Amino acid sequence: MPIEVNLDVMLAKRKMTLTKLSNSIGITIANLSILKKGRARAIRFSTLEAICKELDCQPGDILCYIPEDGEE
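Residues numbered from 1 in each chain as written. Predicted model: local features only at pLDDT ≥ 70, side-chain atom pairs only at ≥ 80, totals over all residues. Heavy atoms only, no water.

S.K.: Would you mind showing me how to read helix α4 (residues 45–55) here?
M.R.: Each α-helix winds once per 3.6 residues, and so residues spaced three or four apart point in a common direction. Of the residues making up α4, those classed as buried are T47, L48, I51, C52 and L55. The buried residues of α4 occupy an angular sector of 130 degrees when projected down its axis, which confines them to one face. Turned more than 90 degrees away from the buried face of α4, the exposed residues are F45, E49 and K53. The elements touched by buried residues of α4 are α1 (7–13), α2 (18–25), α3 (29–36), α5 (59–62) and β2 (63–65). A positive backbone phi angle near 50 degrees is found at D56, which sits one or two residues after α4. (Buried < 20%, exposed > 50% of the residue type's maximum accessible area, 1.4 Å probe, protein only. Helix = DSSP H or I, 4+ residues; strand = E, 2+ residues; numbered from the N terminus. Arc of directions from axis to C-beta. Contact = heavy atoms within 4.5 Å.)

Pasting the structure below:
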């Protein structure tokens with residue numbers, strides 16, 4: 001998948017656990033784990049907003065587009 005999720009990187013930078021993030025934004029650990037592992041097929045803007053607000057970051061700090069081979 002050409003979208004890479006860097007949630008684990010931002011959590012480490014903020015010295016925050018997935019459990020603490022889950023509790024503070026009201027999203028289950030299971031759903032955050034799916035996102036963190038890059039297995040999510042979609043993310044709601046409200047979820048992305050809550051994550052960015054809690055981690056004091058921008059969406060681009062969490063999501064990154066990686067072109068597949070042969071793409072520019």
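S.K.: How do you make sense of the packing of α2 against α3 when you look at a structure like this?
M.R.: Two packed helices can be described by the angle between their axes and the distance between those axes. With their axes 9 Å apart at the nearest point, α2 and α3 run at an angle of 120 degrees to one another. By the angle between their directions, the pair α2 and α3 is classed as oblique. Our pair here, α2 against α3, has a crossing hand that is right-handed. Of the residues in α3, those touching α2 at L18, T19, L21, S22 and I25 are I29, L32, S33 and K36. (Axes fitted to C-alpha atoms, helices over the stretch in contact; angles between N-to-C directions. Parallel < 35°, antiparallel > 145°, perpendicular 65-115°, else oblique. Left-handed = near helix turned anticlockwise from the far one by under 90°.)

S.K.: Quick question: what am I supposed to make of unusual backbone geometry here?
M.R.: Not every positive phi belongs to a glycine, and K15 is a case in point at roughly 50 degrees. Within the fold, K15 resides in the loop between α1 and α2. Residue class for K15 comes out exposed when judged on its relative accessible area of 78%. Even without glycine at this site, D56 takes up a positive phi of about 50 degrees. Mapped onto the elements, D56 comes out in the loop between α4 and α5.

S.K.: Just to check I follow, could you spell out the nonpolar core for this structure?
M.R.: If you look at soluble globular proteins, the nonpolar side chains tend to sit buried side by side. With 18 residues, the main nonpolar core has L7, L11, L21, L32, I51, L55 and I62 as its most contacted residues. Looking at this core, the element that brings in the most residues is α4, giving four residues. Apart from residues no more than four positions distant in its own chain, L55 is found in contact with L7, M10, L11, R14, M16 and L21. (Core = buried A, V, L, I, M, F, W, Y, C linked by side-chain atoms within 4.5 Å.)

S.K.: Got a minute to help me understand the layout of surface pockets in this structure?
M.R.: The gaps of empty space that remain are located by a probe, the size of a water molecule, rolled over the atoms. Quantified by volume, the largest pocket comes out at close to 200 Å³. Forming the walls of the largest pocket are I27, N31, L32, I34, L35, A40, A42, I43, R44 and T47. Of the residues in the lining of the largest pocket, the class split is seven nonpolar, two polar and one charged. (1 Å grid on protein atoms, 1.4 Å probe; cavity = no way out; pocket = protein on both sides within 12 Å on 5 of 7 lines; lining within 4 Å. Points joined across faces, edges and corners; volume = space filled by probe spheres on them. Nonpolar A, V, L, I, M, F, W, Y, C, P; charged D, E, K, R; others polar.)

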